Amino acid sequence: MATVRKALPGDFNKTYPLLEKFNNASLKREDWEQLFVNPWKSLEEHCGYILVEAGRVVGYLGALFSARRIQGQEYKLCNVTSWIVEREYRNQSFLLLLPLTTLREHTITIFSPNKATYVASKKLGFEDFETHIRLISPFSGIRGFFENCSIVENKRFISRFLDEECLKIYRDHLPFRCSHLLIKTKYGTFYLITTRVTKKNIPVAQIHYVSDLEVFFKSIEALKLKICLRLKVFALLIDERFMRGNTISFSLRMKLPHPRIFKSDLLKEDAIDSLYSELVILNL
């Protein structure tokens, strides 16, 4: 019978042949290696769990650990990624999930579960925190043409205007393929982080962080075309829970293949965004 142990940075070379079986042409070896380097220098020195048989890695469950200040308090986070097991060991897959039950001080998230991951995680007490995503087209109502706003992309300039919390987020995400925008409107200024992803062969910008949602929604009609042009995308994506009753013209609510899920004794779903996750590191 195979055994489970913590995955360490030195296990990458033995695990990579397994990760290649995801057959994701957009992910190179160096992309997968980011899962093994403790990118945010968390106190946890491991990067998930591996299933080992006779020295061979036959299963892997990635875990991205981070510490984050949310609403004035420090929280420990763990984002689960890339659960894969060799076919002949699938009956032991659940062993890789069991260590997650010991992470009582962490908020554990799974942003892109497949059906098997979703069902197994629900048995461990995970809850849904998002079922839909909002597609925002660049088209705007009349109001959008009469409001002035500006978008700053110069990273040196942006860093000078961020508070301590946003500055840490900014620095933590500089190594990845993120776009950092400081957006000034008549309602106020906010900081936006997105990644450029492809959905059905169409480039879109996935929103991971908005420092001030109130200002964002007040100014989105004037901004969405400018943001799309700046980022060279055809639309924006934002998780539906952040809409909070707001409406956006020419936008579409779309159901996710499987709900995003989490397990936490400390945070509610509206406090969770997709920073410090596989969506950023692997640009999913």
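Quick notes on the rules
Residues numbered from 1 in each chain as written. Predicted model: local features only at pLDDT ≥ 70, side-chain atom pairs only at ≥ 80, totals over all residues. Heavy atoms only, no water. Buried < 20%, exposed > 50% of the residue type's maximum accessible area, 1.4 Å probe, protein only. Helix = DSSP H or I, 4+ residues; strand = E, 2+ residues; numbered from the N terminus. Pairing = 2+ DSSP bridges. Contact = heavy atoms within 4.5 Å. Phe/Tyr/Trp six-rings, centres within 6.5 Å; stacked < 30°, edge-to-face > 60°. Lys NZ or Arg CZ within 6 Å of the ring centre and 35° of its normal.

Caption draft 1: Fine view of the pairing of strand β4 (residues 73-85). Within β4, ten of the 13 residues are buried, leaving the element largely enclosed by the surrounding structure. By the bridge criterion, eleven bridges tie strand β3 (residues 56-70) to β4 in an arrangement that is antiparallel. Looking at the pairing, Ile70 lines up with Gln73 of β4. Linkage of β3 to β4, two consecutive antiparallel strands, is achieved through a turn of two residues, within which Gln71 is found at a positive phi near 55°.

Caption draft 2: Quick look at the environment of Gly48. Structurally, the position occupied by Gly48 is in strand β2 (residues 48-53). Residue classification places Gly48 among the buried positions, given a relative accessible area of 0%. Along the primary structure Gly48 and Ala120 are separated by 72 residues, whereas in three dimensions their C-alpha atoms are 17 Å apart. What Gly48 contacts, discounting residues up to four positions off in sequence, is Arg5, Lys6, Ala7, Leu61, Gly62 and Ala63.

Caption draft 3: Molecular detail of the packing of aromatic side chains. Per the counting criterion, the structure on display carries 13 aromatic pairs. Taking 5.3 Å as the distance between ring centres and 20° as the angle between the ring planes, the aromatic pair formed by Phe36 and Tyr60 counts as stacked. Highlighted residues: Phe36 in the loop between α2 (29-33) and β2 and Tyr60 in strand β3, separated in sequence by 24 residues. For Phe36, a relative accessible area of 2% puts it in the buried group. An aromatic cluster is built from Phe12, Tyr16, Phe36 and Tyr60, whose rings are joined through pairwise contacts. The aromatic ring of Tyr16 is capped on one face by Arg29, whose charged end is 4.9 Å from the ring centroid.

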